[in-house]
Amino acid sequence: DRVRGKIRGNITLPPGIDGNPEALFEVTQLPSGDVLDVKILRSSGNAALDAAVERAIRKSSPLPKPAQAELFDRVLKIPYRPRDD
């Protein structure tokens, strides 16, 4: 939730998004939370939205670390919908 919140705070949504399309991103990070790579696994169908989310993920580096070090995952799968609550 902390990672999702940080990314949401850094996104600028493009105009004209119809519905609530979902994109899925794979993020590779260091233990420090620094983002190494972002790949889109499933497009939302809106190239401008996909690009905006990717920029927001990169801008959110370093990502928040989990409260317990053993919960760290080097590779995160992050779904994104513009109208998630």
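Check the entry above for the structure.
Draft legend 1. Expanded view of the pattern of salt bridges. Throughout the structure, instances matching the rule amount to four salt bridges. Between arginine 58 and glutamate 54 there is a salt bridge, with its nearest N and O atoms 3.1 Å apart. With arginine 58 and glutamate 54 both in helix α2 (residues 47-59) and four residues apart, this pair spans about one turn of that helix. Note on glutamate 54: relative accessible area 26%, which makes it partly exposed. Because the salt bridges share partners, they merge into one network encompassing Glu22, Arg42 and Arg81.

Draft legend 2. Broad picture of the pairing of strand β3 (residues 75-80). Burial of β3 is one-sided: the residues Leu76, Ile78 and Tyr80 facing one way are buried, the residues Val75, Lys77 and Pro79 facing the other way are not. Of the pairings in the sheet, the one linking strand β1 (residues 23-29) to β3 comprises six bridges and is antiparallel in character. Opposite phenylalanine 25, over in β3, you have isoleucine 78 as the bridge partner.

Draft legend 3. Seen up close, the pairing of strand β2 (residues 35-42). Pairing of β1 with β2 involves six bridges; the strand directions are antiparallel. Counted as the bridge partner of glutamate 26 is lysine 39 from β2. Between β1 and the antiparallel strand that follows it, β2, lie five residues; glycine 33 among them carries a positive phi value of about 95°.

What counts and what doesn't
- Residues numbered from 1 in each chain as written.
- Predicted model: local features only at pLDDT ≥ 70, side-chain atom pairs only at ≥ 80, totals over all residues.
- Heavy atoms only, no water.
- Salt bridge = Lys/Arg side-chain N within 4 Å of Asp/Glu carboxyl O.
- Helix = DSSP H or I, 4+ residues; strand = E, 2+ residues; numbered from the N terminus.
- Buried < 20%, exposed > 50% of the residue type's maximum accessible area, 1.4 Å probe, protein only.
- Pairing = 2+ DSSP bridges.

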